[in-house]
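Observations on the three-dimensional arrangement
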There are 2 protein chains.
Amino acid sequence: MEGAALIGIDVSKDVDFPEWYQQVLLKGDMLDYYDISGCYILKPASQFVWDEVRAWFDSRIKKMGVKNCSFPLFVSEDVLKREQSHIDGFAAEVAWVTHGGSTKLEKKIAIRPTSETVMYPYYAKWIQSHRDLPLKLNQWNSVVRWEFKHPQPFLRTREFHWQEGHTAHLTEQDAGKEVLEILDLYARVYEELLAVPVMKGRKTDKERFAGGLYTTTVEGYIPATGRGIQGGTSHCLGQNFSKMFGISVQDPNAKTEEEKKNQLLVWQNSWGLSTRVIGVMVMIHGDDRGLVLPPRVVETQVVIVPVGV
Amino acid sequence: MEGAALIGIDVSKDVDFPEWYQQVLLKGDMLDYYDISGCYILKPASQFVWDEVRAWFDSRIKKMGVKNCSFPLFVSEDVLKREQSHIDGFAAEVAWVTHGGSTKLEKKIAIRPTSETVMYPYYAKWIQSHRDLPLKLNQWNSVVRWEFKHPQPFLRTREFHWQEGHTAHLTEQDAGKEVLEILDLYARVYEELLAVPVMKGRKTDKERFAGGLYTTTVEGYIPATGRGIQGGTSHCLGQNFSKMFGISVQDPNAKTEEEKKNQLLVWQNSWGLSTRVIGVMVMIHGDDRGLVLPPRVVETQVVIVPVGV
């Protein structure tokens, strides 16, 4: 059984898909537009979906030993730029704070587009021994990417909500195993909670995360256009960030004094799932009568609209 | 029974309270300092406390009919300044974004110091009839107040996490009742979850929320200094914001055509509880051996530290 809101949508999904999508979101009471371009209001119906996804995923990663934390929204320019190929991927989209009140800041400060460079200086400090590994942290927050492309509710927005997991491991094998475990959970969010089919796969080199080693992804598809859409990504960062930020431990198998001097760079992963899931879900399930939500993420199971008086 | 981490604090709570507080937080693994002044990292132990407070409070307000939502992090200068006495209270502390990538924005954009002015233009749009009342929304997010005073972990920080509830009511009576219900919940967070005594009361006119009608508060106290500290505030905003933002409904008791023209301004409340609760809790329960956490908000119930080898 599905909870469905029957609202008059005056355009067919097959005829004008972008217009249909907008109307479904607005008339389905999921979202409202905001007076700053690329920013949207998540109304209670869509927030409820996200809160359900959050509760489900959070309980699963806790079983994997992941703990939640909160790193700041802000990152200094120096730290942001420490990993060159990473910042090259984000520089054009970074929002900069230059003033506090009427006072010009000595140095401009970035709003995080993602938290690798925010967090990893502290991983270098906290990880002193192989006994500190694995370190598995996650945060639920919002990030900002000031894109100039045409925004799309839930799909391409300047601020979006997500979870970002950041883990450090002793071996490539441990890191690689986790990458796929998380990818499995992402697929289950789509398939079990949202009733949306996705394909698991690996991104091409061109599409992989800036600064990472390889990127795995769950990909959905957009009806009408028939195009694929990235649904959630689980990256193995390899040792690139650990090298740049100096995150290393003594080899636990070292025996000789010479071997003990040998520092091993940790293997890192990062993985994120965003409110984009809501957009993909709406695109798949909505129809010409309006919004259709899968039962596991809907607050109101049935709405009966009496017609007439 | 209490979960306690026994860590070597090398200063007495009675002798140097500020230094003691810092050491307890750092050595108790609650927090780390960050390279941007006034910003801190909430490590898993303190995030766990906040997540417990969140789960408890969220379930209570849901029973009151409050729904969660997410409004954007950003607010345009025009909208921020619409309510003069309100902005006067915050203007000196607003962080301004002026650039996206290397592009200068046409108009600078503020990061919300609180969301009254972010949300109420939409309340004006969504509230068209008394049947749309009460409107009770809440969001869990972080806000930014770029203070130049000396920062204190959890107590005075440039970014902090909180919940902010924003409600609109038909009558002064309904609004006033909710103000006190929320204040009761805040007192229970302190007393039942955190085992911290607080006093309920009303702020003086000088201390009340900028733009509001009256502010109720739970006040804790800081040991050693013996000074009071604001623990959480529940504001009745009266009709000041509804007047400025044009949030009104037709009088449901109107009978004549003349009376039906009479628009009633809604009565509004806003209420917030922040991660400050963690700081107050630590100050109350910590001792010269270090961090002491009350059992309801601690992940690890007992830590036994073997001494010697």
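Here is a short report on the structure shown in this document. (Residues numbered from 1 in each chain as written. Chains lettered and ligands numbered in written order. Predicted model: local features only at pLDDT ≥ 70, side-chain atom pairs only at ≥ 80, totals over all residues. Heavy atoms only, no water.)

Overview of the overall build of chain A
- Scanning chain A from terminus to terminus reveals nine helices and 16 strands.
- Here chain A has a C-alpha radius of gyration of 22 Å; the compact-globule value for 309 residues is 19 Å, and the two agree.
- C-alpha extents for chain A along the principal axes are approximately 85 × 50 × 30 Å.
- With 309 residues in all, chain A has 59% of them scored as buried.
- For chain A, the share of sequence-separated contacts (at least 6 apart) that also reach a separation of at least 24 residues comes to 69%. (Helix = DSSP H or I, 4+ residues; strand = E, 2+ residues; numbered from the N terminus. Rg over C-alpha atoms; globule rule 2.2 N^0.38 Å. Buried < 20%, exposed > 50% of the residue type's maximum accessible area, 1.4 Å probe, protein only. Contact = heavy atoms within 4.5 Å.)

Side note on helix α6 (residues 172-193) of chain B
Residues and elements named next belong to chain B.
- Look at α6: 31 Å from first C-alpha to last across 22 residues, which is about the 32 Å you get at 1.5 Å a residue.
- Within the span of α6, buried status applies to Ala-175, Gly-176, Glu-178, Val-179, Ile-182, Leu-183, Leu-185, Tyr-186, Ala-187, Val-189, Tyr-190 and Leu-193.
- Looking one or two residues past α6, Ala-195 carries a phi angle of roughly 55°, positive in sign. (Expected span 1.5 Å × (residues − 1).)

Here's the deal with the pairing of strand β12 (residues 227-238) of chain A
Residues and elements named next belong to chain A.
- For β12, the tally of buried residues reaches nine of 12 residues, placing the bulk of the element in the interior.
- Where strand β11 (residues 214-222) meets β12, nine bridges bridge the pair, whose relative direction is antiparallel. Opposite Glu-219, over in β12, you have Gln-230 as the bridge partner.
- Counting the residues that bridge the hairpin from β11 to β12 gives four residues, and of these Ala-224 lies at a positive phi of roughly 75°.
- Taken together, the five bridges between β12 and strand β15 (residues 267-274) define a ladder with antiparallel strand orientation. Among the inter-strand pairings, Gly-238 is bridged to a residue of β15, identified as Gln-268. (Pairing = 2+ DSSP bridges.)

Some words on the sheet that holds strand β5 (residues 74-76) of chain B
- Spatial strand order, β5(A)-β7(A)-β6(A)-β6(B)-β7(B)-β5(B): six strands in an open sheet with antiparallel pairing. Strands with a single pairing partner mark the edges of an open sheet, and in this sheet they are β5 (74-76) of chain A together with β5 of chain B. Each neighbouring strand pair of the sheet contributes to a mean axis angle of 45°, computed without reference to strand direction. (Axes fitted to C-alpha atoms, helices over the stretch in contact; angles between N-to-C directions.)

Things to note about the pattern of salt bridges
Residues and elements named next belong to chain A.
- Going through the model one piece at a time under the given rule, you end up with 28 salt bridges over all chains.
- Across the pair Lys-62 and Asp-58 runs a salt bridge, and its minimum N-O distance is 2.8 Å. You can see Lys-62 and its partner Asp-58 sitting in helix α2 (residues 44-63), four residues apart, about one turn around the helix.
- Residue Lys-62 is classed as partly exposed on the basis of its relative accessible area of 39%. (Salt bridge = Lys/Arg side-chain N within 4 Å of Asp/Glu carboxyl O.)

Considering the relation of the copies chain A and chain B
- Between chain A and chain B, which share one sequence, the superposing operator has a rotation angle of 180° and an axial displacement of 0.0 Å; the RMSD is 0.0 Å. Expressed as an axis order, the relation between the two copies is that of a two-fold axis. The position closest to the rotation axis in chain A is occupied by the C-alpha of Val-97 of chain A, lying 2.1 Å away.
- In this assembly the copies share their binding face: 100% of the residues contributing to the interface of chain A also contribute to that of chain B. (Least-squares fit on C-alpha atoms with pLDDT ≥ 70 in both.)

Let's talk about the packing of α2 of chain A against helix α9 (residues 276-285) of chain A
Residue and element names in this part refer to chain A.
- At a minimum axis separation of 10 Å, α2 and α9 run at an interaxial angle of 115°. Taken as axis vectors, α2 and α9 run roughly perpendicular relative to one another. The interaxial crossing formed by α2 with α9 has right-handed handedness. Contacts between α2 and α9 involve Ser-46, Val-49, Trp-50 and Val-53 from the first element and Val-277, Ile-278 and Met-281 from the second.
- For the contact of α2 with α9, the per-class residue count stands at six nonpolar, one polar and no charged. (Parallel < 35°, antiparallel > 145°, perpendicular 65-115°, else oblique. Left-handed = near helix turned anticlockwise from the far one by under 90°. Nonpolar A, V, L, I, M, F, W, Y, C, P; charged D, E, K, R; others polar.)

Concerning the environment of Trp-56 of chain A
- Relative to the helices and strands, Trp-56 of chain A is located in helix α2.
- In this structure, Trp-56 of chain A is in contact with Leu-185, Arg-188, Val-189, Glu-192, Leu-193 and Arg-296 of chain A, ignoring residues within four places of it in sequence.

A look at unusual backbone geometry
- Across the junction of Leu-133 of chain A and Pro-134 of chain A, the peptide omega takes the value -10°, indicating a cis bond.
- Notably, Phe-154 of chain B is not glycine yet its phi reads approximately 70°, a positive angle.
- Summarising the element assignment, Phe-154 of chain B is placed in the loop between β8 (135-144) and β9 (159-169).
- Given the relative accessible area of 6%, Phe-154 of chain B is considered buried.

Taken by themselves, the reported measurements are silent on function.
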